[in-house]
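Letter by letter, the chains look like this.
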Amino acid sequence: MTADTTESRVLAAIDQRRSRINDAIDEELPLKKPERLYEASRYLLKAGGKRLRPTVTLLVGEALADVEPASRDYRAFPTLSGAEIDLLRAAVSLEVIQSFTLIHDDIMDDDDLRRGVPAVHNEYDTSTAILAGDTLYSSAFEIMAETGGEPANALAAMRRLSSTCTKICEGQALDIAFESRDDLLPDEYLEMVELKTAVLYGASAAIPAELLGADEEVVEAMYQYGIETGQAFQIQDDVLDLTVPSEELGKQRGSDLVENKETLITLHARQQGVDVDGLLDTDSVEAVTEAEIDDAVAKLEAVGSIEHARETAEQLTERGKDRLSVLPDNEARGLLEDIADYLIDRGY
C-alpha cells in the first residue's frame, strides 16, 4: 500500500468520526458563565485539530468489539461482557487533555500561534489562559467519570488518565531541564519524548481497552502501541523540521536547530564528533538563511544523523504495529496500523 493510499484511508477514518467528536465536545463542554472562561477553554478545540487521538480511542474500541468501523452508537458502545459504555465521552476526555496541554505549553514557550490562530494567552490574556487550561484539566476527569460500565474498569481508566497527566508534566519538566544540559544522551531524549508526547497516544489506545474490559495483556499492548507510535511521531517531526521546505512547514525550516533544541538528530551528530552548536552562526529564526540551513543539514546527513532518526522512527512504528496482533483481525485493526504508518509518512 502506498503512502498516499494510507493517508487517504486514515483521513477518511478521521472524517467519519470528526463530526461526532466535535458534536460531543459541544455537549460535554457547554458555554456557560463565566462566559469568557469557557470561551477561552473551548477556543483551541473550536479552532480545529485532526482529532487523531480520539479517533484512535474509537478505533481500538471497534477493533476489540469486532464491529464494523463507525457502525455503532458510541454513546452506547458494547463492552466485552455485553454491557454498554459511553465510548465517545472517553474520546472527548482525551482530546480535552490534549487541548489543556497545548494551552499551557504555549504559555511556557511564549508561542504566538496555535492551529493558525493566536495562542489562547494572546487571544485573551495569560491569567485567563491558565484558568482555561485548568478548567479543561478538571473537566476531562468529569467527562471520563461519566463513561459508565463496570466500576473496576472505570477506575482503571481514571487512574490511567491521572497518571498520563502527571507524566506529561514530568516530560515538560525534563524538556526544560535539558535546555541547560550539554551531556544529554539519546535514551534520555527518548524518555522525555515518551513522557511529553507519547503517553497521551498510549492512554488514547489503552483506556478504551480498559473500559471494554480487555485483559491486562491487551491493555498493555495497546498502551505500548500508543507509546511507540507516539515516539515515532515526534522523531519524524524532528526530521521534517529539517527536510521539508519552510512554505510547506508553515514555519522556518530548521527552527529547532536555530533555537538549539536537542533532538535525536543532534544527539547522534554529537556522538559522531559534529560541533552541533557551531552549525549555525545565529540563534534568530528571523535572521537565518535557507543557505545556512542547507549547509547544516548537509553536515548532519554526511554523518548519518538524519537517516538514523528516520530508521529509529521506522523501527518504533513497526514495533507499535506488532502490538496490534492481540486484537481481532478486522478493519478497525487495519486502520490502527495505517495510523501508525501515517504518523511517520505524513507530509505538510
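Read on for a plain summary of the structure. What you see is a predicted model; the values in this text were computed from it and never measured.

Side chains of D109, D110, D112 and E179 sit close together on the surface and give a patch of like negative charge. Tracing the backbone through its elements, the reader meets E179 in the loop between α7 (151–178) and α8 (186–212).

For the pair helix α3 (residues 52–65) and helix α4 (residues 87–109), the least separation of the axes is 8 Å and the interaxial angle reads 155 degrees. Considering their axes alone, α3 and α4 lie roughly antiparallel with respect to each other. In terms of crossing hand, the pair formed by α3 and α4 is right-handed. Of α4, the residues touching α3 (which contributes R53, P54, T57, L58 and G61) are L87, L88, A90, A91, L94, E95 and Q98. Residues belonging to the contact of α3 with α4 are distributed by class as follows: 7 nonpolar, 3 polar and 2 charged.

Orientation of α4 relative to α8, taken along the N-to-C sense of each, is 165 degrees, at an axis distance of 10 Å. In terms of axis orientation, α4 runs roughly antiparallel to α8. In the packing of α4 onto α8, the handedness of the crossing is right-handed. Touching L87, A90, L94, I97, Q98 and D105 of α4 are K196, L200, A203, S204, I207, P208, L211 and L212, all from α8. Each residue belonging to the contact of α4 with α8 can be placed in one class, and the counts come to 10 nonpolar, 2 polar and 2 charged.

Attention now goes to the nonpolar core. Ranked by size, the top nonpolar core spans 76 residues in total, and within it I207, M222 and L336 carry the most contacts. Filtering out sequence-adjacent residues up to four positions away, L336 remains in contact with V56, L59, V60, A63, Y225, L324 and L327. One finds M192, L257, I265 and A313 within the second-largest nonpolar core, a separate group that totals 30 residues.

So, on to the packing of aromatic side chains. In this structure the tally under the stated criterion is 5 aromatic pairs. Centroid distance Y74 to F77: 6.1 Å. Interplanar angle 25 degrees. Geometry classified as stacked. The class for Y74 is buried, based on a relative accessible area of 2%. Where Y201 meets F233, the ring centres are 5.8 Å apart and the plane angle is 55 degrees; that geometry is what we call tilted. Taken as a pair, Y201 in helix α8 and F233 in helix α9 (residues 216–243) lie far apart in primary sequence, 32 residues in all. Comparing Y201 with F233, the two get one shared label, buried. Among the aromatic side chains, those forming a connected cluster through ring pairs are F100, Y137 and F141. Here R160 stacks its cationic end above the ring of Y223, 4.7 Å away from the centre of that ring.

In this fold, T312 is placed in helix α14 (residues 305–323). For T312, a relative accessible area of 13% translates into the label buried. In terms of polar contacts, T312 uses its side chain to reach the backbone carbonyl oxygen of H308, at 2.8 Å. Those residues within four positions of T312 in sequence are excluded, and the remaining contacts are I235 and L264.

Attention now moves to the state of the cysteines. The tally for this structure, following the rule as stated, stands at 0 disulfides. Counting only cysteine sulfurs, C165 is the nearest neighbor of C169, a cysteine outside any disulfide, at a range of 7.1 Å.

Turning our eyes to something else, we now look at empty space enclosed by the protein. It is a probe the size of a water molecule, rolled over the atoms, that shows where empty space is left. Within the structure shown, the criterion is met by 2 cavities of 30 Å³ or more. In terms of lining residues, the largest cavity is bounded by D238, D241, L242, D256, L257, T263, I265 and T266. Elements represented by at least two residues in the lining of the largest cavity include exactly α9, α11 (255–258) and α12 (264–271). At 3 residues, the largest contribution of residues to the lining of the largest cavity is made by α9.

Definitions and cut-offs
Residues numbered from 1 in each chain as written. Predicted model: local features only at pLDDT ≥ 70, side-chain atom pairs only at ≥ 80, totals over all residues. Heavy atoms only, no water. Patch = residues over 30% accessible without salt bridge, like charges linked within 9 Å, V, L, I, M, F, W, Y side chains within 5 Å. Areas by Shrake-Rupley, 256 points an atom, 1.4 Å probe, with all protein chains shown as cover. Salt bridge = Lys/Arg side-chain N within 4 Å of Asp/Glu carboxyl O. Lys, Arg positive; Asp, Glu negative; His and termini not counted. Charge placed at Lys NZ, Arg CZ, Asp CG, Glu CD. Helix = DSSP H or I, 4+ residues; strand = E, 2+ residues; numbered from the N terminus. Axes fitted to C-alpha atoms, helices over the stretch in contact; angles between N-to-C directions. Parallel < 35°, antiparallel > 145°, perpendicular 65-115°, else oblique. Left-handed = near helix turned anticlockwise from the far one by under 90°. Contact = heavy atoms within 4.5 Å. Nonpolar A, V, L, I, M, F, W, Y, C, P; charged D, E, K, R; others polar. Core = buried A, V, L, I, M, F, W, Y, C linked by side-chain atoms within 4.5 Å. Buried < 20%, exposed > 50% of the residue type's maximum accessible area, 1.4 Å probe, protein only. Phe/Tyr/Trp six-rings, centres within 6.5 Å; stacked < 30°, edge-to-face > 60°. Lys NZ or Arg CZ within 6 Å of the ring centre and 35° of its normal. Polar contact = N/O pair within 3.5 Å; in protein donor to acceptor, adjacent residues only side chain to side chain. Disulfide = S-S within 2.5 Å. 1 Å grid on protein atoms, 1.4 Å probe; cavity = no way out; pocket = protein on both sides within 12 Å on 5 of 7 lines; lining within 4 Å. Points joined across faces, edges and corners; volume = space filled by probe spheres on them.

Keep in mind that these numbers describe shape and distance, not what the molecule does.
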